[in-house]
Structures are given as C-alpha cells and as structure tokens.
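Breakdown of the fold
In case you want the letters, here they are:
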2 protein chains.
Amino acid sequence: MKIEKGGVTAAKGFLAASAEAQIKYKGRPDMALVYTGRPAVFAGTFTTNVVKAAPVWWDKELLEKKKKVHAVVLNSGIANAATGKEGRKLNYFMAQAVAEQIGAEPEEVLTASTGVIGMQLKEEPLASGAALLKEALADTAEAGTRAAEAIMTTDTVSKEAAASFEADGVTVTVGGMCKGSGMIHPNMATMLSVTTTDADIDGDVLQELVSEIVSDSFNMISVDRDTSTNDTYLVLANGASGVKIEKGTEAYENFREALAYVSTELAKKMAGDGEGCTKLMEVQVINCESREKAKILSRSVTTSNLVKTAFYGSDANYGRILCALGYAGVDFDPEKLDLTLEAGGESLLLVKDGVETGYSEEKATELLSQEKVAFICDMKEGECSATAWGCDLTYDYVKINGDYRS
Amino acid sequence: MKIEKGGVTAAKGFLAASAEAQIKYKGRPDMALVYTGRPAVFAGTFTTNVVKAAPVWWDKELLEKKKKVHAVVLNSGIANAATGKEGRKLNYFMAQAVAEQIGAEPEEVLTASTGVIGMQLKEEPLASGAALLKEALADTAEAGTRAAEAIMTTDTVSKEAAASFEADGVTVTVGGMCKGSGMIHPNMATMLSVTTTDADIDGDVLQELVSEIVSDSFNMISVDRDTSTNDTYLVLANGASGVKIEKGTEAYENFREALAYVSTELAKKMAGDGEGCTKLMEVQVINCESREKAKILSRSVTTSNLVKTAFYGSDANYGRILCALGYAGVDFDPEKLDLTLEAGGESLLLVKDGVETGYSEEKATELLSQEKVAFICDMKEGECSATAWGCDLTYDYVKINGDYRS
C-alpha cells in the first residue's frame, strides 16, 4: 500500500466541485459535489440516532434498492434534520437539481447535509448551487480539496486521505474526505465522509467491508458523546481501474488495507480537530479478554469529561482514567491494571497493579503537553486490544457551543 | 409531611461533628462524624463502578452482615480509591480510631471518603481527627451543618434537607446531608450522603425503600456523566421516636414521603451546584409508554454536552435536545414530539409534532436565562413520566477540572 496525497478525486474517473450557494453561510463555499461519469456501486453506514435527517433517509433508501449512482451532493449550514415532510421534499429537490445538471436521475444522486438542526433549506440557493457545482467540476486534487472545504462547519481544517496499491501492474486508488468536529461520538460521529475508489467491486462485498472498517475507525472516535442526526459515511466504487476485487484474493486484502487506512486517517483527523481541542488522545486497551470489551473500555476513557479536562490541563490525573474504565459497564480486576503514558517516543508507567508507581509528575506533565498523547491500559487478562481516539475538553469547546447558532 | 430545617441532627438521638484533621486540606474542616448512642439499623446504595473505594467495600460488607451501627465517619480530600490493600488497611484504621473514641467496635462504624483518587490516607491525621470529632459532637442544627461543610470538595455550598410527619401524635423526623459537585452521574452520583431518622424500622424494609427512592432522586441527576469510585448513600434509623414503621400502614407512606422528599431535595441541590454551573436544568419526559423509557430519555438530555453548553449560552437550540433524545437508545416517533420550555411560571412551546413552532427567540432566551429552567418533552405515546436534573456546562467546569489536583 502506498499513501497518496489527495482525497475524493484521487481515484480515476471521479470529479469534484464546490460552490458558494449561500444556503446559510455567506462568503464561503457551502455546497460540494462528487461526480463519476461511470456509474458507481456504493456502500454506506449511517447514524443510529432515532431522529434522522432527511438525506439519511434518502441515502438509506437508495442503498436498500442497490442503486448505482453518479454523484453525491453535500451542503453545510443547514442539517435538514427535524424538518418533517417539507425537509424530505427539499432533500429530493437537492438531488433533482443536481441530477438535472449532470443528466442523471434523482435516484442516482446521494445527498448529505450538516449544520443547524430544525431549520428548513430553501429551493433557490440549492438550484443555483447545483448549476455552479456542475460548472466547477474538475478531476484535479484542488477540486477535491475545495469539496472538502465546502462541507466544513466548526472544523478548523479540511480533512482528506488517500492510498493506492498495485494489482497486476495496475494502480487502484482509494481517496476520501470528511468533516466533523462537534457532535462526534461513536455510532457514528457527527460526520460526513465520502470516499471514492476506482476498484471494481461488488456492492454487497463493499458494504460488508465498509461495515467492518467503520467499527474500527469512525466508531472509535469521540469528541463529545453526542451522536448526530446526520452522520453519513459513503464509499463509491466506479470500477474505472478495471481491477476486479474479489474476496479471498491478494487484491482484496490490499484493498481492505487501503480503505482501512483512509478511514482511520480521516477518523483521527476528526478527533484531532474536535471542537476547541488542543491535542489528540489515543487510548489503547491491551491484553484484554475480548476485543469488544477492549473497545468499550477504551471509549469510556476518551468520552469522560473529567479525563478530557485533566488532559487539557496536562494533569496526570490517572484516577480519573481508572474511574472511567470502572464505569464502562464491563468487569475487570482493577488491581491487575497497568497504565502507561506515551508521547513523543517516550513512555512513563503511572500505575502498576492498580496502584500509583511514584512516577515523576514533572515528566508526566511534559509528556501530556504534547500534541498527541497515548494512554495504554494493560488489563493483563487476555490477548485482545482496541484503540479509541478523542481530544481534550477546553474553554473553547464551551465557547463554540455556547453560541453556535448566534 | 412538614418540611424542616436542618440535616443529620434533625432526628432525635443523632449528634454530629466536624474537625480540621488536615488530611489534605489546610485551614478548613475535612472530617465529619454522625453519631447515635442508640444503635441504628442502616440501608445503603453504592457506586456501580468496578473501581470501588476502600470505604465502599467496608460499608457493603457491614450491610451484608446486617450490622447495627453507632456512627458514620467521613473525610474529604482523599478518596481512598485505587489504593489497594494499604488503602483498605487505612480505611479500617479510620473506623477503628472513631470506634475507640466513642466506645464501640470498628464494625459499628461506617466510613466514607471523597477527594483525589489514588492517594493514600495517613494514620496520624485520622487518629487526631477522630479525637477532635468526639470532643465536638453535639445534637444541634449547627453541628449538623458543620458536618455537611466538612465533606465538601468542589461544592460551593453545603447541602442539607429534612422533613417530619406525625404518627399517633409523635413526631418522626428524617434529615440528611450530602456532598457532590463533580463526577456526578446516575448510578450513582459522585456523592456522599448520610440521612438519619428516628423512625423504628426493620433494616430490610428500609433497604427496599432506599433502593426504590434512590432511583428517582440521586440516580436522576447528572453533572458530567462520570460515575465515581466512592458514591455512597447511607440511611441510619435509630428508632428513638418510638414510632414503628411497618409496610401497609399510613405511617409507612408518610415515612416514604419524607424520605423521598429529603433524597430529592439533596439530589437537586447537587445538580444545582454542579461544578462551575450557573443554573439548574430539569427535564421532564411526559406521556411516555413506560417509566423506564422516560427515565432513559430525560437523562440523555441532561447529560448531553451540547445541550449543556447551549443552555449555558441561553440558546434555545432545541435541535440538540431532539438529537439527545434520538440517541438515548430507545425508539419513539420524532414527528409526534412536543417540546416546551418553562421558567419562572412562564412557558413557551418550541417544537410541535417534531417541527419548530416559530417561537420568539427573544422570549426563549429570556426564559433560558433564569436560574431554574425546565424542558418538557411530550412524547404523546403513553401515560408514564420521569424527571431528571442537570446543569449547564461552563468555562468554570473546564477550569475547575483542568487543574483540580494542582
């Protein structure tokens, strides 16, 4: 596998565009389009929230019908959630407006929205936005980046990742973009992600792979435990490389690796760009009796407000980590637990067999002040492990969310 | 039932005291004692955290043995959690030091600790603290209040409540104190609470009642979703009123009412004194198909960081409330939901049948700026309801927890 630059336009045959449609924001792009002339099979996972946004219902329906698609249209500013029948009509309007521009059926256009819940979209900016998008379509890396920028809300940086591999001398590429900063929590993050690939793969096989990969990447990050109404992860495969990906082959394993890499990179970029956050927290639970249990434990730590605030203050308050493990809802022996802090290539054992080691507070603070810090929880009870990612909880998180709508 | 002033010394035969033992804090009381000469049956509920503090193990053991007790000794500053065998030894030392002073067995002394996790207690301050406590014991309201003050950590006010009722012309009193401000979350809050009563009640009957009441009071509050290692709720009944409380009698119902009142008041005082918080949030879920479901939904709203920050900013961001209901983990029809804001005797319908009503933002902000605000979620699907309490998430929460240990 080779790590590539770029995002949704990295794979052959995919074009992208952004537009300033003025849906809610002014003076910045707020609509994005990902397009493939060659129809693509697609797979997706969506929010588990009971309150689902109109575009989520739409995409789920197209997925059930196993439609091939030509495009994904995304808007930022208005989430089109809690908007009732009118919201569903406007979502259809958005798909239709793009379909007309690209000469396709509305059922060949996936949709995604992010922004304020409850507010209605309006037809006019969507129609003129669709026209602008069509005009701006390009297969360049820049066009992919512009699309990634257009879907940002409280994100501070745009997020892209890509990877490729060779199969019989032919390059297959996987590239994606995502947005997500607040309302980020497992199953799924408040995130929109579109990944494209020129692999030739069956829709059902792709769906199986996507469901598997999402549970180790996007579902392992948390900014604030709030699962949104709009979470959407779409993977489009247009087959333009001509490389057939079938289960049990080396190409399949390479494809899985590339897709997992892109998903995990995008997920980590979201956790590291959590609203108001200053650093990335990685929690590894190792030597656990089951992988499921390791996931539950690691996520309990990344989602604790008390761990997150202590992390912000670079305070080695290991007691809060033990506490968060303890209320995760699974059983373990606290007096077996070792806890190690790791950052910048150095490591420090904080807790041995459930009791403090007498470590240097100064050293701990030095490690905790770095941009990426790992907590390794050794359960000493089995052979399974899992990793979750999160961030610190800061004044700025409160500021950003105390006046988001105003 | 009559609402009374006072706390743990309100009921006949109970004395209390505080002492400056200098366990960790200097210049403020950090040990408290509640004492009854007449041995008391007791009931209790404890943290569900796997990592349990030494005093929790001790009290649970005494409860299983159905011991009658003479005292509860509490300390603030050091939680005696994640302290291994040495911690259990020091907890026993604390019970023993008090037992010696009051002329009882260590097994007749309950213990409770709150403060930093991981740090070890020391013998000396505990021994001299026990002597100071013995000396200061008094049955006055002031002594009760001093005990309530001595168990505070990041609390900004001490918390007491009491109530009484008449049975055949004799007054029966229930009075309690608690502390809790951070690490507050259902099952149970990071809280210590001791309630005393002069009712004459069987220990098993009392335990049943306490378990029932705690699920509607202490378990319905949340400050930050962190369930602590030390949560302890103890109720001591010494029978000094001479009034026998038996199931199926009017006195039993009156006793239940008084105990429920004291528990709920103490719980609300904790939610309203959440770390850094500026106002109390009450979430009522009404017309729900089951009480259990109503509890889950109401707690999902009080625990959402995004709801809590919007509440801090007095922003009527109802979308975040719908979102938090949606990811609670139970099913409902979002397009049936009505959401009403209530404060200071006024109410405002924000959402009708799942869609915004076009309410006045100005009015909403005015209501949200008050000290106590209720959100009423009408599910329109049944006849059950539940209420949860929480608070806003503020800069000060981050400040308090970003440098708690330093």
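Located above this text is the structure these notes cover.
Structural notes, computed from the coordinates. Please read these numbers as outputs of a predicted model, since none were measured by experiment.

Before going further, it helps to examine the pairing of strand β14 (residues 346-352) of chain A. Residues and elements named next belong to chain A. Bridge analysis of strand β13 (residues 338-343) against β14 gives five bridges, and the strand direction is antiparallel. Bridging across to β14, glutamate 342 finds its partner in serine 347. Adjacent in sequence and paired antiparallel, β13 and β14 are bridged by two residues, among which glycine 344 carries a positive phi angle near 55°. Where β14 and strand β15 (residues 355-356) come together, two bridges link them in antiparallel fashion. Looking at the pairing, valine 351 lines up with glutamate 356 of β15.

If you rotate chain B by 180° and push it 0.0 Å along the axis, it lands on chain A with an RMSD of 0.0 Å. Each copy turns onto its partner about a two-fold axis. Within chain B, the C-alpha atom positioned nearest to the axis of rotation is that of tyrosine 395 of chain B, 2.6 Å from it. When the interface residues of chain B are mapped onto chain A, 100% of them are again interface residues, pointing to one common binding face.

It is generally the case that most residues other than glycine have a negative phi and that most peptide bonds are trans. The residue glutamine 22 of chain A is not glycine, and still its phi comes out positive at about 60°. Secondary-structure assignment places glutamine 22 of chain A in the loop between β2 (14-19) and β3 (31-46). Assessed through its relative accessible area of 39%, glutamine 22 of chain A is described here as partly exposed. At lysine 380 of chain B, a residue that is not glycine, the phi angle is positive and equals roughly 50°.

What follows covers the environment of leucine 306 of chain A. Its location among the elements puts leucine 306 of chain A in helix α8 (residues 305-312). For the pair leucine 306 of chain A and glycine 319 of chain A, spaced 13 residues apart in sequence, the C-alpha separation works out to 10.0 Å.

This paragraph deals with the environment of tryptophan 58 of chain A. Residues and elements named next belong to chain A. Position of tryptophan 58 among the secondary structure elements: in helix α1 (residues 54-64). For tryptophan 58, a relative accessible area of 10% puts it in the buried group. Sequence separation between tryptophan 58 and methionine 31 is 27 residues; the distance between their C-alpha atoms is 18 Å. If near-sequence neighbours (up to four positions away) are discounted, tryptophan 58 is found in contact with Asn91, Tyr92, Ala95, Pro106, Glu107, Val109, Leu110 and Thr111.

The subject of this paragraph is the packing of helix α7 (residues 291-302) of chain B against helix α9 (residues 318-326) of chain B. All names here are of chain B. One can describe the packing of α7 onto α9 by two numbers: an axis separation of 8 Å at closest approach and a directional angle of 135°. Comparing their axes, α9 and α7 come out oblique. Considering how the two elements wind past one another, α7 and α9 form a crossing that is right-handed. Contacts from Leu297, Ser300 and Val301 in α7 reach Ile321, Ala324 and Leu325 in α9. By residue class, the composition of the contact of α7 with α9 is five nonpolar, one polar and no charged.

It is worth spelling out helix α10 (residues 361-368) of chain A at this point. An α-helix turns once per 3.6 residues; consequently, residues spaced three or four apart project the same way. Residue and element names in this part refer to chain A. When α10 is considered as a whole, its buried residues turn out to be Ala364, Leu367 and Leu368. Buried positions in α10, seen along its axis, are confined to an arc of 95° and lie on one side of it. Buried positions along α10 lie against α8, β13, β14 and β16 (372-378).

Glancing now at the side chain of serine 314 of chain A. Residues and elements named next belong to chain A. Within the secondary structure, serine 314 is located in the loop between α8 and α9 (318-326). The class for serine 314 is buried, based on a relative accessible area of 10%. Other than its neighbours up to four places away in sequence, serine 314 contacts Lys279, Thr365, Leu368 and Ser369.

It is worth spelling out the packing of helix α1 (residues 54-64) of chain B against helix α2 (residues 84-102) of chain B at this point. Residue and element names in this part refer to chain B. Closest axis-to-axis distance for the α1/α2 pair is 8 Å, and the angle between their directions is 60°. In terms of orientation, α1 lies oblique with respect to α2. The way α1 lies across α2 gives a crossing that is right-handed. Here α1 contributes Ala54, Pro55 and Trp58 to the contact with α2, which in turn contributes Gly87, Arg88, Asn91, Tyr92 and Ala95.

The buried fraction of α9 of chain A is high, at nine of nine residues. Three or more residues of α9 of chain A are buried, namely Tyr318, Gly319, Arg320, Ile321, Leu322, Cys323, Ala324, Leu325 and Gly326 of chain A.

Before going further, it helps to spend a moment on the sheet that holds β14 of chain A. Residues and elements named next belong to chain A. An order of β15-β14-β13-β16-β12-β17 is seen for the six strands of this open sheet, with the pairing classed as mixed. Of all strands in the sheet, those with a lone pairing partner are β15 and β17 (384-391), marking the two edges. Inspection of the sheet shows β13 paired to β16 by five bridges, in the antiparallel sense. Within the sheet, the bridge partner assigned to aspartate 338 lies in β16 and is aspartate 378. This element, helix α7 (residues 291-302), spans β12 (280-288) and β17 of the sheet and lies at about 20° to β17. The sheet strands contacting α8 are β12, β16 and β17, and the helix crosses β12 at an angle near 125°.

Parameters and conventions
Residue indices follow the written sequence of each chain, beginning from 1 at its first position. The order in which chains are written sets their letters, starting at A; the order in which ligands are written sets their numbers, starting at 1. Totals for whole chains, interfaces and linings use all residues, but because this is a predicted model, local features are given only for residues with pLDDT of at least 70 and pairs of side-chain atoms are given and counted only at 80 or more. The side-chain quantities take in all heavy atoms of the structure and omit both hydrogens and water. We call two strands paired when DSSP finds no fewer than two bridges between them. Helix and strand assignments come from DSSP, with helices taken as H or I runs of at least 4 residues and strands as E runs of at least 2, each series counted from the N terminus. A residue counts toward the fit only if its pLDDT is at least 70 in both copies, and the copies are then superposed by least squares on the C-alpha atoms of those residues. Note on contacts: a residue pair is in contact if any heavy atoms of the two residues lie within 4.5 Å. Here's how the labels work: a residue is buried when its accessible area is under 20% of the maximum for its type, exposed when over 50%, partly exposed in between, all with a 1.4 Å probe on protein chains only. Fitting a line to C-alpha atoms yields each axis, with helices limited to the stretch in contact; the angle taken between N-to-C directions then spans 0 to 180 degrees. These descriptions rest on fixed angle ranges, namely under 35 degrees for roughly parallel, over 145 for roughly antiparallel, 65 to 115 for roughly perpendicular, and the rest for oblique. By convention, the crossing between two helices is left-handed when the near helix turns anticlockwise from the far helix through less than a right angle, and right-handed when the turn is clockwise. Three residue categories are used. Nonpolar comprises Ala, Val, Leu, Ile, Met, Phe, Trp, Tyr, Cys and Pro, charged comprises Asp, Glu, Lys and Arg, and polar comprises the others, including Gly. Directions are taken from the helix axis to each C-beta atom, and the arc is the one they span.

Any functional reading would require information that these geometric values do not contain.
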